[in-house]
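# Reading the structure
Chain residues, written in single-letter form:
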Amino acid sequence: MKRHFTQVAVIGAGTMGAAIAAHVANAGIPVLLLDKVPDALTPAEEARGLTLESPAVRNRIVQEGFERARQRTPPAFMSPEAERLVTLGNIADDLGKIAQADWIIEAIVEQLEPKRTLMAQIEAVRRPDSIVTSNTSGLPIASLAAGRSDDFRRHFFGTHFFNPPRYMRLLEVTPTADSDRELVQAVAHFAETMLGKKVVFCKDTPNFIGNRLQSISGAFVLDYAFTHGYTIAEVDALTGPLIGRPRTAVFRLYDLVGIDVAAQVARNLYDLIPDDEYRHLLRSPAREKVINGLLERGWLGNKSGQGFYKRSRDAEGKRVFLVLNPETFDYETPEKPHFEAVEAVQGIPDLGQRLTALFDPRWQQDRGARFVWAIISFQLTYAAARAQEIAYDLKSIDDAIRWGFNHQLGPFELWDRLGVAPTVKRMEAEGLPVAPWVQEMLEAGYTSFYRVENGQKTGYYDWESKSYRDLTPPPRHLSIAPLRTAGKVVQQNESASIYDLDDGVLLLEFHSRLNTIDAPMLQMMRHARSLLEKEGYVGLVIGNEGEHFCAGANILAVATAAQQKRFAEIEEAITALQDLLMAFRYSPKPVVVAVHNRALGGGAEIVMHASRVVAHAESYIGLVETGVGLVPAGGGVKELVRRLISPAMQVQETDPLPLAQRVLETIGQAKVGRSAAESRSLGFLGPQDRIVMQRDHLLFAAKREVLNLVEEDYVPPPPARLYAGGRDLYAALKVGIWLMQQAGYLSEHDALIGEKLAYIIAGGDLSAPQWTDERYFLDLERQAFLDLVGTEKTQARLWHMLQTGEP
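Presented here is a report on the structure given in the accompanying data block. (Residues numbered from 1 in each chain as written. Predicted model: local features only at pLDDT ≥ 70, side-chain atom pairs only at ≥ 80, totals over all residues. Heavy atoms only, no water.)

## Looking at the nonpolar core
One finds Phe 308, Phe 412, Trp 415, Trp 437, Val 438 and Phe 449 to be the most contacted residues of the largest nonpolar core, which totals 113 residues. Considering each element in turn, this core owes the most residues, 14 residues, to helix α18 (residues 367-390). For Val 438, the contacting residues outside a window of four places in its chain are Ala 384, Trp 415, Val 420, Val 424 and Phe 449. If you look at the next biggest cluster of nonpolar residues, it comprises 84 residues, including Phe 584, Leu 640, Tyr 730 and Ala 762. (Core = buried A, V, L, I, M, F, W, Y, C linked by side-chain atoms within 4.5 Å. Buried < 20%, exposed > 50% of the residue type's maximum accessible area, 1.4 Å probe, protein only. Helix = DSSP H or I, 4+ residues; strand = E, 2+ residues; numbered from the N terminus. Contact = heavy atoms within 4.5 Å.)

## So, the sheet that holds strand β16 (residues 496-500)
With mixed pairing, seven strands are arranged side by side in an open sheet as β15-β16-β17-β18-β19-β20-β21. The strands lining the two open edges of the sheet, one partner per strand, are β15 (489-492) and β21 (690-692). Within this sheet the neighbouring strands show an average axis-to-axis angle of 25°, counted without direction. Relative to β16, β15 is paired through three bridges, and the arrangement is antiparallel. Residue pairing for β16: Val 489 is matched across the bridge by Tyr 499. Against the sheet, helix α24 (residues 519-531) makes contact with β15, β16, β17 (505-510) and β18 (539-542), and its axis sits at roughly 25° relative to β16, the strand it touches most. (Pairing = 2+ DSSP bridges. Axes fitted to C-alpha atoms, helices over the stretch in contact; angles between N-to-C directions.)

## Brief notes about a nonpolar patch on the surface
Residues Leu 253, Leu 256, Val 257 and Val 261 make up a contiguous nonpolar surface patch of roughly 310 Å² in combined accessible area. It is helix α13 (residues 251-257) that provides the largest number of residues to the nonpolar patch, a total of three residues. Within the secondary structure, Leu 256 is located in helix α13. According to the relative accessible area criterion, Leu 256 is exposed, its value standing at 54%. (Patch = residues over 30% accessible without salt bridge, like charges linked within 9 Å, V, L, I, M, F, W, Y side chains within 5 Å. Areas by Shrake-Rupley, 256 points an atom, 1.4 Å probe, with all protein chains shown as cover. Salt bridge = Lys/Arg side-chain N within 4 Å of Asp/Glu carboxyl O.)

## Here's the deal with the side chain of Ser 512
Within the fold, Ser 512 resides in the loop between β17 and α24. Once residues within four sequence positions are removed from consideration, Ser 512 is found in contact with Ser 495, Asp 518 and Met 521.

## So, the packing of helix α29 (residues 657-668) against helix α32 (residues 727-742)
Two packed helices can be described by the angle between their axes and the distance between those axes. Two numbers describe how α29 lies on α32: the axes approach to 10 Å, and their chain directions differ by 55°. When the interaxial angle is binned, α29 and α32 end up oblique. Between α29 and α32 lies a crossing whose hand is right-handed. Taken together, the residues of α32 that come into contact with α29 (itself represented by Leu 657, Ala 660, Gln 661 and Leu 664) are Leu 729, Ala 732, Leu 733 and Ile 737. (Parallel < 35°, antiparallel > 145°, perpendicular 65-115°, else oblique. Left-handed = near helix turned anticlockwise from the far one by under 90°.)

## Regarding the sheet that holds strand β14 (residues 467-470)
Taking strand neighbours across the sheet as the criterion, the three strands line up as β12-β13-β14 in an open arrangement whose pairing is antiparallel. Unpaired on one side and paired on the other, β12 (450-453) and β14 mark the two borders of the sheet. The average undirected angle you get between the axes of adjacent strands in this sheet is 35°. Sheet topology places β12 next to strand β13 (residues 456-462); four bridges connect them, and they run antiparallel.

## What to know about the layout of surface pockets
Regions of empty space are outlined by a rolling probe, equal in size to a water molecule, passed over the atoms. Of the voids in this model, the second largest pocket is the one considered here, and its volume is about 1500 Å³. Considering the residues around the second largest pocket, the lining is formed by 46 residues, among which Ala 551, Gly 552, Ala 553, Asn 554 and Ile 555 are closest to the centre. Of all the elements in the fold, those that place two or more residues in the lining of the second largest pocket are α24, α25 (555-563), α26 (567-585), β19 (591-600), α27 (602-608) and α35 (792-804). Looking at the lining of the second largest pocket element by element, the count peaks at seven residues for α26. When its residues are assigned to classes, the lining of the second largest pocket shows 27 nonpolar, eleven polar and eight charged. (1 Å grid on protein atoms, 1.4 Å probe; cavity = no way out; pocket = protein on both sides within 12 Å on 5 of 7 lines; lining within 4 Å. Points joined across faces, edges and corners; volume = space filled by probe spheres on them. Nonpolar A, V, L, I, M, F, W, Y, C, P; charged D, E, K, R; others polar.)

## Focus on the packing of aromatic side chains
Where two aromatic rings form a pair, the distance of their centres and the angle of their planes describe that pair. Applying the stated criterion across every chain, the model contains 34 aromatic pairs. Aromatic side chains Tyr 278 and Phe 378 sit 5.1 Å apart centroid to centroid with 90° between the ring planes, which places their arrangement in the edge-to-face category. Pair noted here: Tyr 278 is in the loop between α14 (259-272) and α15 (285-297) and Phe 378 is in helix α18, with a separation of 100 residues, a long-range link. Here the aromatic rings of Phe 412 and Trp 415 are separated by 6.3 Å at their centres, their planes lie at 15°, and the arrangement is stacked. Within this pair, Phe 412 and its partner Trp 415 are both found in helix α20 (residues 411-418), separated by three residues, close to a single helical turn. The two residues Phe 412 and Trp 415 agree in class, both being buried. In textbook terms, an aromatic cluster arises when at least three aromatic residues are bridged by ring pairs, as seen for Phe 412, Trp 415, Trp 437, Tyr 446, Phe 449, Tyr 461, Trp 463 and Tyr 468. The aromatic ring of Trp 373 is capped on one face by Arg 426, whose charged end is 3.9 Å from the ring centroid. (Phe/Tyr/Trp six-rings, centres within 6.5 Å; stacked < 30°, edge-to-face > 60°. Lys NZ or Arg CZ within 6 Å of the ring centre and 35° of its normal.)

## Description of the environment of Gly 539
You can see Gly 539 is positioned in strand β18. Distance from Gly 539 to Leu 507, taken between C-alpha atoms, is 8.9 Å for residues 32 residues apart in sequence. The contacts of Gly 539, once residues within four sequence positions are left out, are Gly 504, Val 505, Leu 506, Leu 532, Lys 589, Pro 590 and Val 706.

## Concerning the packing of α25 against α35
Viewed as axis vectors pointing N to C, α25 and α35 meet at an angle of 140°, and their least axial separation amounts to 10 Å. The orientation of α25 with respect to α35, classified from their angle, is oblique. As for how α25 packs across α35, the hand of that crossing is left-handed. Note on element contacts: α35 touches α25 through Gln 795, Leu 798, Trp 799, Met 801 and Leu 802, opposite Ile 555, Leu 556, Val 558, Ala 559, Thr 560, Ala 562 and Gln 563. Of the residues that constitute the contact of α25 with α35, the class distribution is nine nonpolar, three polar and no charged.

## Some words on the pattern of salt bridges
Scanning the entire structure with this criterion turns up 57 salt bridges. The shortest N-O distance in the salt bridge between Arg 60 and Glu 45 comes to 2.8 Å. With a gap of 15 residues between them, Arg 60 in helix α4 (residues 60-70) and Glu 45 in helix α2 (residues 43-47) connect regions that are remote in the sequence. By the burial criterion, Arg 60 is buried, and Glu 45 matches it. One continuous salt-bridge network, built from bridges that share partners, spans Arg 585, Lys 638, Glu 639, Arg 642, Arg 643 and Glu 774.

## Overview of unusual backbone geometry
Of the consecutive residues Thr 73 and Pro 74, the connecting peptide bond is found in the cis state with omega at 0°. If you trace the backbone, Pro 74 turns up in the loop between α4 and α5 (80-83). The omega angle of the peptide bond from Asn 163 to Pro 164 is -5°, so this bond is cis rather than trans. Secondary-structure assignment places Pro 164 in the loop between β6 (156-161) and β7 (170-174). The phi dihedral of Asp 503 falls on the positive side, at around 60°, and the residue is not glycine. As for its placement among the helices and strands, Asp 503 is situated in the loop between β16 and β17. In this structure, Lys 565 is a non-glycine residue whose phi angle is positive, near 60°.

## Some remarks on the side chain of Arg 212
With respect to the helices, strands and loops of the structure, Arg 212 is situated in helix α11 (residues 210-227). Assessed through its relative accessible area of 1%, Arg 212 is described here as buried.

## A look at helix α19 (residues 394-405)
An ideal rise of 1.5 Å per residue puts 16 Å on twelve residues; α19 measures up with 17 Å between its terminal C-alpha atoms. Taken across its twelve residues, α19 has eleven buried, putting it largely inside the fold. The N-capping residue of α19, defined by a side-chain oxygen 3.3 Å from the backbone nitrogen of Lys 395, is Asp 393. Downstream of α19 by one or two residues, Asn 406 has phi in the positive range, about 60°. (Expected span 1.5 Å × (residues − 1). Polar contact = N/O pair within 3.5 Å; in protein donor to acceptor, adjacent residues only side chain to side chain.)

Below is the structure:
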């Protein structure tokens, strides 16, 4: 069943409700956001002479929730346009308006009776065909709709967004026995395509999949750590990237979530799982002593400024983090943890090989290795013990842990990498129980949870049929790994590869470190462009599946060449990049860039020279060269002049200064769009470029865009004419830079960089404004870059960035 969602209502404007409303608005869908009416005036309201009947008072709670979402860091909204799609109201006066909504999401306080009362109110006013879901993170879904009509229960199920909804991919969908499966699928389809979510279907059990496993596993970590005398710093060093998990590790994550929130989740879960043999961990004495001690002191984590960590300043005024001593509740300067086993294996890039090496018998006496084995082996055994109770299949468990908590591998994926049989043997030898279905799987000759063929997962073990179930590729998902195994590589080197996507479409993939631009990448870009001249190829996609699209130029190569005064080599590289990007821009066959995450510096310039761009909604694009003492030299300045200044100057009597100042500020302040929508407002994307919400659909959508352009008989743009304001515009821009320097906002070298940038934007020192070609501005960019890279202070900034990672 395909349903159209033209309006959504969210009831509850707390942290989650307001953020869910924001993300629905990010998808371009109007949202009605409601919350309760206050039962008392604030002192400020009393001073203004307001009453409980005043509209501003009645909408105060929802307004406050909306404002928190607007001011949230990282931002909940992708653009001001999304903010304007949210309409505010209150339950007492405006509940009837939910009759206009296709999907109603309940997100009020996590208590059973208030939610059930609200369901009765919703039933009285909802449109009969509207879908109603609850965002509860752990309450039984079926119980929330108890006593409601058959029609209501048919349209009701659970949708648990993970926090923050804009950034966390997981959406747990929990149908009840009464839920209409077509309606459940309709919401799942909308969530995946329009909200960019990855959906996991859960059984209606306490805390569903993600929070059930992580709550108990997290409780085990705390119990084990405090019982065996591990420090906060040691635990976080052992539970982050070393084992394929985020840098927040364990205790930084507690501080981020809120220790009070974590404690409440544990209390609620304990009462809901009386038959879970590990629920005692939620109330282990070692864990309770520390958690309760923090709660009593009001040390709740980031929200209170201290929890397991405390933000402070050292003697030089630099920000530092002190670490809690769980025995004394004093904060101490952390010592860098030292584990011989960890230091021996941490250079192994593959997670499975790294942990296998760490679990080698020779490291069994190492405290770090023992700790990691203890928490990993418990995670695996607990996931297997609960799997059939909470999930429909083991793949759902892996997906929930990866998408909901940003783990590199789910428990069964990790178990496969460690070797199921040898790991089970060690678990049994240490007295850890292994779920009967895992034993049955091994006894039947299935040695892994996933079937892998030609390096690709093609099936997973199904505990119902006791055999492998085929994995089918999701629709609109075009991935690169299968192209390699299918022999689709046209050409490759260490920094980039070209693939045949069929239908005459090529793919250029970057895979250097951070996808930075280097000589081998330029070579492959040049080859991809030359292939477009051949018959049989109709267009090119530039995209990849790395963490970032492209972090810009390889500044180590730039800094080294500058230090050795190899300026001719630098100039040659700049010219090569400029020529390549202009060749892409004027290619007779379409070049579509599929951009995601960070596209900085030269990466942004690649984006800006495409025939079209298909951008993931979370694309952060910017020209950031001034942060290392340089200016863009691959056409970035030229493109903003073409996009923002030149069109306006075709209208007589237009003042170029405000437009030029906008470009100067965007580049000079190294502004980066915080979303694809904001990147568009800065000029890095054009109105014809597409934004997609689902990251997994990006390459598919880019290929389709190529074919659409071919179908429309694509013709490259005519040569652009760019407005060069000349010396008067340059002088006006310099005045602003001088004033900033005099006010102490710019150093002498900052001012020099600004003046070089202003010179390009103004089109040089022309005696009168005139229209020029693109090459004129490219020459100005190249010369300014060379002038700056030869200075001692710019070289110092380059090396500082390389050494510290900070501008």
